[in-house]
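# Structure assessment
Each chain, letter by letter, is given below.
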Amino acid sequence: MNNRYDVVVVGAGPAGSTSARFAAQSGASVLLLEKDREIGIPVRCAEGVGEKGLKTVVDIRPHWIKQKIVGVIFHSPSGKVVKVQSKEIGYVLDRKIFDYELAQIAAEQGAHVATKANVLGLLKKERVCGVVVDFLGERKEIAADIVIGADGIESRVGRWAGIKTHVALYDIETCAQVTAMNIPLESDYCHFFFGKEIAPGGYLWVFPKGNGLANVGLGISGEFSKTKPAIRYLEEFLSTHFPAVAVLTTVAGGVTCAPPLKTIVEDGLLLVGDAAHQTNPVSGGGIVNAMVAAKIAGRIAGQAIKENNVSKKRLMEYPRLWDDAEGKKLGIFYKLKKFIYDMTDNDLEKTADLLLGMPMEKRTLVNIFKSAVVKQPSLIIDILKVFT
Amino acid sequence: MEKGKGMIRYIRKKCDFCGTCVAVCPHDAIELAENDLLILERCTVCKKCVYVCPLQALEVDDE
Ligand SMILES: Cc1cc2nc3c(=O)[nH]c(=O)nc-3n(C[C@H](O)[C@H](O)[C@H](O)COP(=O)(O)OP(=O)(O)OC[C@H]3O[C@@H](n4cnc5c(N)ncnc54)[C@H](O)[C@@H]3O)c2cc1C
């Protein structure tokens, strides 16, 4: 580890490793810092991704894939089952390996990587000019022209730069997940369970990982977890629905389902991935978005270094390109999230009935959302904007 | 800033160090390490962290 780099990236999740990779590829000297002992562990994620999006940011390696997914199955509060075949292929990944190899790919491009390196603050003169890190128990200062905050849900990098990044209780999903054996559900579909008893202000998922293994987890809105935490909801669901499962791992986690952050760059600073609230507020999915944003951010950081101009004005190209790619859509998804949030169990049953009345080939994502918003048809325009 | 009663305490054996509490803290008063969590002095005991913890690993100690 040197004392100075062009670019320092905080956090080695998909966002961090991908920004490090593209910044290094553009010729910058890059250091990627991860607080944990190992990259990829623990996995706080259901590991589902769409092939189409992932392909745009990385060459997919077969051994990253645990299970190919051909569709989704929705379970209504009363137990109605709506099957939807997807045109797009999905995967349930093995993020332990995926995250690790993304960091490896960044290193292949020349990035330095350090684990057990917990960033504690920013160095600042007129602008951000480096980080303070606890590396293997010793405090070090590392100078940098650009700092990229890719420090996930627990991000503090933005706050240290003066950006308000904390989220409202309404906009956080508090999650618990088990990876378990013997789940008696179709294993090439992702399953979603809805209902106030199951997961208020959120949903429960079952994402199969092959050979009878699956990620079973749920997220509930922070507004509902005051009296009963996510883990209790999950325990209750498991004991009533899958009493015979063997739980191999339990994790907790959080997902921001918030409006897009207004500020994601400052002089010498960029935020990417969960740190920039780039998850989809309806699904909570954030892997591909994080990587799409990180590819842009890494490239812009590399170019800015070459041009010797790391001003906010120069770096603003990143949010502009991101907005055109996915960012603007997230604003619309947030509107849809607010609508879905208010749906009662009765509304959900009616939506299930509408979908069950449709022939299989009509059950597309657009039609699913259209059926959900029958009470507010003005939202149909928004649905068309994000799905077509 | 109005300060609530008591102090926030985290229960090490329950905590999974997932950082959900950090995301909702309005005062940047929680410091996370791989296997450690520190409540900083600037905490105002607003309890948002207590409410969102997926494992109920945070509580208010009001002695
Ligand atoms: C229960 C759950 C299920 C999910 N399921 C899905 C899903 O199926 N599909 C999907 O697309 N998304 C899913 N998500 C969201 C997805 O996990 C995130 O969007 C994704 O991991 C974001 O990547 P990231 O690189 O921004 O952050 P992360 O993957 O969280 O990486 C951030 C990294 O930064 C490190 N770090 C933090 N602070 C510091 C510091 N101060 N110094 C050094 N390092 C630091 C962390 O240790 C971590 O390794 C889920 C999330 C949860 C919680």
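The following refers to the structure shown.

Procedures and definitions
Residues numbered from 1 in each chain as written. Chains lettered and ligands numbered in written order. Predicted model: local features only at pLDDT ≥ 70, side-chain atom pairs only at ≥ 80, totals over all residues. Heavy atoms only, no water. Contact = heavy atoms within 4.5 Å. Buried area = accessible area lost by both parts, 1.4 Å probe. Salt bridge = Lys/Arg side-chain N within 4 Å of Asp/Glu carboxyl O. Polar contact = N/O pair within 3.5 Å; in protein donor to acceptor, adjacent residues only side chain to side chain. Helix = DSSP H or I, 4+ residues; strand = E, 2+ residues; numbered from the N terminus. Nonpolar A, V, L, I, M, F, W, Y, C, P; charged D, E, K, R; others polar. Axes fitted to C-alpha atoms, helices over the stretch in contact; angles between N-to-C directions. Parallel < 35°, antiparallel > 145°, perpendicular 65-115°, else oblique. Left-handed = near helix turned anticlockwise from the far one by under 90°.

## Focus on the interface of chain A and chain B
In this assembly, 31 residues from chain A lie in contact with 25 residues from chain B. Around 2,300 Å² of area is buried between chain A and chain B when both sides are counted, 54% of it from carbon and sulfur atoms. Among the residues of chain A in contact with chain B, Arg156(A), Arg159(A) and Leu169(A) are the three that bury the most area, contributing 24% of the side total. At the boundary of chain A and chain B, one finds three salt bridges. In this structure, Asp16(B) and Arg44(A) form a salt bridge, with 2.6 Å as the shortest nitrogen-oxygen distance. Counting across the chain A and chain B interface gives 16 residue pairs in polar contact (both at pLDDT 80 or more). Looking at the side of chain A that touches chain B, the elements with two or more residues in it are β7 (117-124), α4 (157-160), β10 (172-181), α5 (230-241) and β14 (246-256) of chain A. Considering each element in turn, the side of chain A that touches chain B owes the most residues, four residues, to β14(A). Class assignment of the residues belonging to the side of chain A that touches chain B gives a composition of twelve nonpolar, ten polar and nine charged.

## Here's the deal with the packing of helix α1 (residues 14-25) of chain A against helix α3 (residues 95-108) of chain A
Helix-helix packing is characterised by the crossing angle of the two axes and by the distance between the axes. Residues and elements named next belong to chain A. Direction vectors running N to C along α1 and α3 enclose 20°, while the axes themselves pass 8 Å from each other. By the angle class used here, α1 and α3 are roughly parallel. For the crossing formed where α1 meets α3, the hand is left-handed. Note on element contacts: α3 touches α1 through Arg 95, Phe 98, Asp 99, Leu 102, Ala 103, Ile 105 and Ala 106, opposite Pro 14, Ser 17, Thr 18, Ala 20 and Arg 21. When its residues are assigned to classes, the contact of α1 with α3 shows seven nonpolar, two polar and three charged.

## With respect to the side chain of Thr174(A)
Locating Thr174(A) in the fold gives a position in strand β10. A polar contact is formed between the side chain of Thr174(A) and the backbone oxygen of Val52(B), at a distance of 2.9 Å. In contact with Thr174(A), other than residues within four places in its own chain, are Leu218(A), Gly219(A), Ile220(A), Ser221(A), Gly222(A), Ser225(A), Ala230(A), Gly253(A), Thr20(B), Val52(B), Cys53(B) and Pro54(B).

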